[in-house]
Amino acid sequence: MTVRYAIAAVSLAASAHGAEMALSPCDLTAAGGRLEVDAQCGTLTVPLDPGDPGGETIDLFVAVVEALAEQGASDPLTVIAGGPGQAATSFYVTAEAAFARVVRKRDIILVDQRGTGRSAPLMCEGGEDDLFLEAGDIDRVIDASRECLEGLAHDPRFFTTSMAVRDLERVRDALGYAELNLYGISYGTRVAQHYLRRYPDRTRRVILDGVLPPAVALGADVPLASQAALDAVFERCEADAACRQAFPDLRLRFAALLARLRETPVEVSLDHPRTGEAIDVVVDHWMLAGVVRLLVYQPQTASLLPFLIDAVDGGDYEALAAQVFLLTEGLEGLAVGLNNAVVCTEDVPFQGEVDLDAQAATYMGTTFAEILKRTCEIWPRGLMDEDLRELVTSDKPVLMLSGELDPITPPHYARRAAASLSNVIDVVAPGQGHGMLMTVCGRRLAAEFLDLDDVDTLDRSCVDRIRPAPIFTSRMGPAP
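Because the structure is predicted, anything quoted here is derived from the model rather than measured.

### As for the overall build of the protein chain
Line of reasoning, step 1. Counting its regular elements, the protein chain contains 19 helices and 13 strands.
Line of reasoning, step 2. Relative to a compact globule of 480 residues, whose C-alpha radius of gyration would be 23 Å, the protein chain shows 22 Å and is just as compact.
Line of reasoning, step 3. A buried classification covers 55% of the 480 residues belonging to the protein chain.
Line of reasoning, step 4. Within the protein chain, contacts between residues at least 6 apart in sequence are counted, and of these 76% link residues at least 24 apart.
Line of reasoning, step 5. Counting only carbon and sulfur atoms, one obtains 50% of the accessible surface of the protein chain, whose full area is about 19,900 Å².
Line of reasoning, step 6. Of note, the protein chain has its 41 positive side-chain charges centred 6 Å away from the centre of its 71 negative side-chain charges.

Next comes the structure, spelled out in structure tokens:
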């Protein structure tokens, strides 16, 4: 039902189940207020600890973006953000165009997962820029994590996927929807799969974009998958005459540049690209690795890497430093406390023996693994359902979207997650990175998947037409 009719059902839900939530018009914003979406918003009060319903409570922030159709479909799409730590509302605002086809017929339900956005956020002091610039100092990162833990307003043990799934069911009940469609991206696919496990009768269809299988401990494979994505960029450049001519021996030059910045960091002065403030920055190997890691997420940004590496290798260190501030704008609002609460409960304890030699051979090295390990030595483990890491068994329709060059959730993850699902459509987009819904083809597939009576008739021919973004060979862009 569209929210116009769902609101009428809230009073019924409240009298039957004790849920109370009133919705009123609101504006959802992101990117410093530059992006905005109209919605209906409200809060739902839930127990901090489900085992103590009479104890401390928190408020979940909920938004409903109404379907454009006057008589829309009765089953909304619930959008679940990644991270862990990104708020669903801010993710939706930045990705609104990706859901334009869906919202024509369906309400969009957004629940800031507990610990994110405006749902009792577990935020940490200090800017994303600062941590990014100095992340090579592992001791400083761990000190910041300890300070974050000590300053939290709520016990992080109750901020996990298992708790988030229960919250989502409470929201569904309060809004009066009989069934939900689910869209999860990255870590959000874990939440979506666990909701399907817990509430199969309340789940209609599921879209998993950048699939994280339940049994995979996030983190151990990140340097390896990211290295594979970077290698693909080098291979594309070597195979392209214009790129090869503009940036000869790029792979070797990158390795040499990384080693040089490790041994001899460079201090540069520049104007902050967002504030205009004059700042001094130390450019080191960790900054280079961090920028590369974020740029390989998407083909559009990965296409900048050959030019950027060449520029920095030629002494333009300001170009690299400026990228830090531009990239971390997308990380603003990430709830680091929630990220730690989830990862230290559901991932790091289950990593087993990490192949540090294999990680050391990547451009990221072992720093990422060491930060995770040491953070979780001081962070408490939270509540986790015993079956969270088991494969989900279901015959509900599931659309899996993967990018061929995804540096965090590679395509073989989707195949692992599909092992016990009997009604799966598995799509791999050639040359693409993390988040296929950002492509025109991915958007069309998602919308039609939700609309079709028979999902087996879904036309996937657009996948064959997807091409990676052309590589920039100068500041003006790709070669003609």
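Read on, since the account is not over.
### Section: the packing of aromatic side chains
Line of reasoning, step 1. Across all of its chains, the model carries six aromatic pairs by this definition.
Line of reasoning, step 2. A ring pair is formed by Phe91 and Phe99, whose centres lie 6.5 Å apart and whose planes are at 80 degrees; its orientation type is edge-to-face. Here the two residues Phe91 and Phe99 agree in accessibility, since each one is buried.
Line of reasoning, step 3. Positioned above the aromatic ring of Phe159, the side-chain terminus of Arg114 is 5.8 Å from the ring centre.
Line of reasoning, step 4. Sitting over the ring of Phe61, Arg118 keeps its end group 3.9 Å from the ring centre.

### Digging into the sheet that holds strand 6 (residues 180-185)
Line of reasoning, step 1. Here nine strands make up an open sheet; going across it, the order is 1-2-3-5-4-6-7-10-11 and the pairing mixed. Strands with a single pairing partner mark the edges of an open sheet, and in this sheet they are strand 1 (24-30) and strand 11 (424-429). Neighbour-to-neighbour, the strand axes of this sheet turn through a mean angle of 25 degrees, independent of strand direction.
Line of reasoning, step 2. Taken together, the eight bridges between strand 2 (residues 35-47) and strand 3 (residues 57-65) define a ladder with antiparallel strand orientation. Residue Cys41 lies in a different strand from strand 3, and its bridge partner there is Ala63.
Line of reasoning, step 3. Lying over the sheet, helix 19 (residues 440-451) contacts strand 4 (77-80), strand 6, strand 7 (203-209), strand 10 (398-403) and strand 11, oriented at roughly 165 degrees with respect to strand 7.

### Digging into a negative patch on the surface
Line of reasoning, step 1. A surface patch of negative charge is lined by Asp27, Glu36, Asp38 and Glu96.
Line of reasoning, step 2. Along the chain, the position of Asp38 falls in strand 2.
Line of reasoning, step 3. On the basis of relative accessibility, which here comes to 57%, the residue Asp38 falls in the exposed class.

### Some thoughts on the side chain of Asn340
Line of reasoning, step 1. With respect to the secondary-structure elements, Asn340 resides in helix 15 (residues 336-346).
Line of reasoning, step 2. When its relative accessible area of 11% is taken as the criterion, Asn340 is described as buried.
Line of reasoning, step 3. Dropping the residues within four chain positions of it, Asn340 is found in contact with Ser145, Thr375 and Trp379.

### Concerning empty space enclosed by the protein
Line of reasoning, step 1. If you walk through the whole model with that rule in mind, you get two cavities of 30 Å³ or more.
Line of reasoning, step 2. Within this model, the largest cavity holds a volume of roughly 150 Å³.
Line of reasoning, step 3. Lining the largest cavity are 15 residues, and of these Ile80, Val111, Gln113, Leu168 and Val191 sit closest to its centre.
Line of reasoning, step 4. Secondary-structure elements contributing two or more residues to the lining of the largest cavity are strand 4 and helix 6 (161-175).
Line of reasoning, step 5. Around the second largest cavity sit 14 residues that line it, and Val233, Pro299, Ala302, Leu405 and Gly431 are the ones nearest its centre.
Line of reasoning, step 6. Looking at the lining of the second largest cavity, the elements that each hand over two or more residues are helix 8 (222-239) and helix 12 (299-302).
Line of reasoning, step 7. Broken down by element, the residue count for the lining of the second largest cavity peaks at three residues, all from helix 8.
Line of reasoning, step 8. Residues belonging to the lining of the second largest cavity are distributed by class as follows: eight nonpolar, five polar and one charged.

### Quick look at the nonpolar core
Line of reasoning, step 1. Core analysis: the biggest nonpolar cluster contains 97 residues, and Phe159, Leu175, Phe254 and Met400 have the highest contact counts within it.
Line of reasoning, step 2. The element best represented in this core is helix 14 (residues 317-328), accounting for seven residues.
Line of reasoning, step 3. One finds Cys26, Leu77, Ala81 and Leu445 within the second-largest nonpolar core, a separate group that totals 44 residues.

### Let's talk about the pattern of salt bridges
Line of reasoning, step 1. What the rule picks out here adds up to 22 salt bridges.
Line of reasoning, step 2. For Arg114, the salt bridge goes to Asp167, with nearest N and O atoms at 2.6 Å. With a gap of 53 residues between them, Arg114 in the loop between strand 5 (108-111) and helix 4 (128-133) and Asp167 in helix 6 connect regions that are remote in the sequence. Both residues of the pair, Arg114 and Asp167, count as buried.
Line of reasoning, step 3. With a closest N to O distance of 2.8 Å, Glu448 and Arg444 form a salt bridge. One end of the pair is Glu448 and the other is Arg444, both in helix 19 and four residues apart, which spans about a single turn.
Line of reasoning, step 4. The class for Glu448 is partly exposed, based on a relative accessible area of 27%.
Line of reasoning, step 5. Residues participating in the shared-partner salt-bridge network are Asp75, Lys105, Arg106, Arg204 and Asp451.

### Points about the environment of Leu218
Line of reasoning, step 1. Examined against the element boundaries, Leu218 turns out to sit in the loop between strand 7 and helix 8.
Line of reasoning, step 2. The buried category is assigned to Leu218, whose relative accessible area is 15%.
Line of reasoning, step 3. Each C-alpha atom of the pair Leu218 and Pro200 lies 25 Å from the other, and the pair is 18 residues apart in sequence.
Line of reasoning, step 4. If near-sequence neighbours (up to four positions away) are discounted, Leu218 is found in contact with Arg190, Leu212, Asp347, Gln351 and Ile408.

### Structural notes on the environment of Thr345
Line of reasoning, step 1. By the element assignment, Thr345 lies in helix 15.
Line of reasoning, step 2. Given the relative accessible area of 2%, Thr345 is considered buried.
Line of reasoning, step 3. Note: C-alpha distance between Thr345 and Val398 (53 residues apart in sequence) is 27 Å.
Line of reasoning, step 4. Discounting residues that sit within four places of it in the chain, Thr345 has contacts with Thr160, Phe350, Pro380, Arg381, Gly382, Leu383 and Met384.
Line of reasoning, step 5. In this structure the side chain of Thr345 is engaged in a polar contact, spanning 2.7 Å, whose partner is the backbone nitrogen of Gly382.

### A word on the state of the cysteines
Line of reasoning, step 1. Counted by the stated rule, this structure contains five disulfides.
Line of reasoning, step 2. In this model, Cys26 is linked to Cys41 through a disulfide, with the two sulfur atoms separated by 1.8 Å. Disulfide Cys26-Cys41: the torsion about the S-S bond is 50 degrees, which places it as right-handed. Here Cys41 lies in strand 2 and Cys26 lies in strand 1, a separation of 15 residues in the sequence.
Line of reasoning, step 3. Its relative accessible area of 17% is what places Cys26 among the buried residues.
Line of reasoning, step 4. Cys41 sits in the buried class, given a relative accessible area of 7%.
Line of reasoning, step 5. Two residues share a disulfide in this structure: Cys124 and Cys148, whose sulfurs sit 1.9 Å from each other. When the S-S torsion is -50 degrees, as for the bridge of Cys124 with Cys148, the disulfide is left-handed.

Reading guide: rules and limits
- Residues numbered from 1 in each chain as written.
- Predicted model: local features only at pLDDT ≥ 70, side-chain atom pairs only at ≥ 80, totals over all residues.
- Heavy atoms only, no water.
- Helix = DSSP H or I, 4+ residues; strand = E, 2+ residues; numbered from the N terminus.
- Rg over C-alpha atoms; globule rule 2.2 N^0.38 Å.
- Buried < 20%, exposed > 50% of the residue type's maximum accessible area, 1.4 Å probe, protein only.
- Contact = heavy atoms within 4.5 Å.
- Areas by Shrake-Rupley, 256 points an atom, 1.4 Å probe, with all protein chains shown as cover.
- Lys, Arg positive; Asp, Glu negative; His and termini not counted.
- Charge placed at Lys NZ, Arg CZ, Asp CG, Glu CD.
- Phe/Tyr/Trp six-rings, centres within 6.5 Å; stacked < 30°, edge-to-face > 60°.
- Lys NZ or Arg CZ within 6 Å of the ring centre and 35° of its normal.
- Pairing = 2+ DSSP bridges.
- Axes fitted to C-alpha atoms, helices over the stretch in contact; angles between N-to-C directions.
- Patch = residues over 30% accessible without salt bridge, like charges linked within 9 Å, V, L, I, M, F, W, Y side chains within 5 Å.
- Salt bridge = Lys/Arg side-chain N within 4 Å of Asp/Glu carboxyl O.
- 1 Å grid on protein atoms, 1.4 Å probe; cavity = no way out; pocket = protein on both sides within 12 Å on 5 of 7 lines; lining within 4 Å.
- Points joined across faces, edges and corners; volume = space filled by probe spheres on them.
- Nonpolar A, V, L, I, M, F, W, Y, C, P; charged D, E, K, R; others polar.
- Core = buried A, V, L, I, M, F, W, Y, C linked by side-chain atoms within 4.5 Å.
- Polar contact = N/O pair within 3.5 Å; in protein donor to acceptor, adjacent residues only side chain to side chain.
- Disulfide = S-S within 2.5 Å.

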